[in-house]
Amino acid sequence: MKKVSRDEARERKRYRRMGFSNPANPSRSVLLTVLSALMAVYCLFPLVWLLINVTKTQGDFVTTFGLGFGSTFALFDNIARVFQYQDGIFFRWFVNTILYVVAGAGGATLLAILGGYGLSKFRFPGRKAVFAVVIGAISVPGIALAVPQFLLFAKLGLTNTPWSMIIPSLISPFGLYLMWIFSDQAVPDELLEAARMDGASEFRTFFTISLPLLAPGIVTTALFTIVATWNNYFLPLIMLKDSDWYPLTIGLNQWNKQASTAGGEAIQNLVVTGSLITIIPLILAFLLLQRYWQSGLAAGAVKE
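These numbers come from a predicted model, not from an experiment.

Q: Teacher, can you tell me more about the pattern of salt bridges here?
A: Oppositely charged side chains can form a pair if their charged atoms are brought close together. Counting across every chain of the model gives three salt bridges. Residue Asp 189 pairs with Lys 121 through a salt bridge whose shortest N-O separation is 3.0 Å. On the criterion of sequence distance, the pair formed by Asp 189 in helix H9 (residues 189-197) and Lys 121 in helix H4 (residues 75-121) is long-range, its members being 68 residues apart. Asp 189 gets classed as partly exposed once you look at its relative accessible area, which sits at 42%. Put simply, Glu 193, Arg 196 and Glu 202 are held in one network by salt bridges that share partners.

Below, the structure written as structure tokens:
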């Protein structure tokens, strides 16, 4: 056993001298292990705090330590009250968010697939200019466009409607760029040429050959657009006034601010419970689509 350990140590030194690492015999670093543990604690701490506090009543929430359980386990009562409070408006917010995600993020993913594939596999005048525009659009933060979008939608009379949320969500420059690069790597041009020589139309080639190969990139793009739309806060904040059209982000923030208003009822226990319900669909989406997501991010990392 000692001989094996010495051989592994010598092998690691040899690889380090060459400037490489051996995945089959990785070197161990106490510093990196400690840093990784600290990062894990930093990332998981909010979730742990949330899981603990959703079990408290409002009284326990304001009187007990944040990482300590209350005297009463009120998780199921809190969940029931979330869906009953204010005539069940939380369910309306949840449905609104689903609508914005399905229509906005779904449409953005579809447009990114079609646009990225077309830009990758077809040559036409102005293609380089389109590439420059896409890169420029990625560098512009979405919050910088919120006010111009509001002024435009106000002129069109679309503010305070679902369209003011769906239409801006249809544009995803990063998703377009991601599908463009992924299409270059995942769909060989030789395969398309063979299909065309066999008489297949461009639509048939896309749906029967290219689309299955693009599945990892599609899932990755969909996850990015879903998360961006689900967590969108500033756009609905300036576009929507009617609480019946609020997404979950704005609705829960309204509940959170309720205690600071004159005569407002403090319902922090319902806010944290609603927050937990809000993140469950995102967690499920990541867990169910994780293998596609990981393979999509790795595409193009190795060039043959």
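Q: Is there a simple way to explain the environment of Gln 86 in this structure?
A: Among the structural elements, Gln 86 can be located in helix H4. Sequence-distant contacts of Gln 86, that is, excluding residues within four places in its chain, are made with Trp 93, Trp 255 and Gln 258. A polar contact of 3.1 Å, which involves the side chain of Gln 86, links it to the side chain of Trp 255.

Q: Hey, could you run me through helix H11 (residues 215-230) in this one?
A: Note: α-helices contain 3.6 residues per turn, so residues at a spacing of three or four share the same orientation. With 16 residues, H11 extends 22 Å from end C-alpha to end C-alpha; this agrees with the ideal 22 Å at 1.5 Å per step. Those residues of H11 that sit buried are Pro 216, Gly 217, Ile 218, Val 219, Thr 220, Thr 221, Ala 222, Leu 223, Thr 225, Thr 229 and Trp 230.

Q: Any chance you could explain the confidence of the model for the protein chain here in plain terms?
A: Any region with low pLDDT has predicted coordinates that should not be read closely. When pLDDT is averaged along the protein chain, the result is 84, and 85% of the positions lie at 70 or above. Within the model, the stretch residues 296-304 combines pLDDT values under 50 with seven contacts to residues more than four positions away or in other chains.

About the cut-offs
Throughout, residues of each chain are indexed from 1 in the direction in which the sequence is written. The predicted origin of the model limits local features to residues at a pLDDT of at least 70 and limits the giving and counting of side-chain atom pairs to 80 or more, whereas totals for whole chains, interfaces and linings rest on all residues. Here the side-chain values reflect all heavy atoms present in the structure, with hydrogen atoms and water set aside. The salt bridge definition used is simple: a Lys or Arg side-chain nitrogen within 4 Å of an Asp or Glu carboxyl oxygen. Starting at the N terminus, helices and strands are each numbered in turn, a helix being any DSSP run of H or I of at least four residues and a strand any DSSP run of E of at least two. Accessible area is worked out with a 1.4 Å probe on protein chains only. A residue is then buried under 20% of its type maximum, exposed over 50%, and partly exposed in between. Here a residue-residue contact requires only that any non-hydrogen atoms of the pair lie within 4.5 Å. What qualifies as a polar contact is a pair of N or O atoms within 3.5 Å, subject to a donor-acceptor requirement within protein and to the restriction that residues adjacent in sequence count only when both atoms come from side chains. Under the convention used throughout, the expected extent of a helix is 1.5 Å for every residue step, that is, one less than its residue count. Across the chain, each position has a pLDDT score giving the predictor's confidence in that residue, from 0 to 100.

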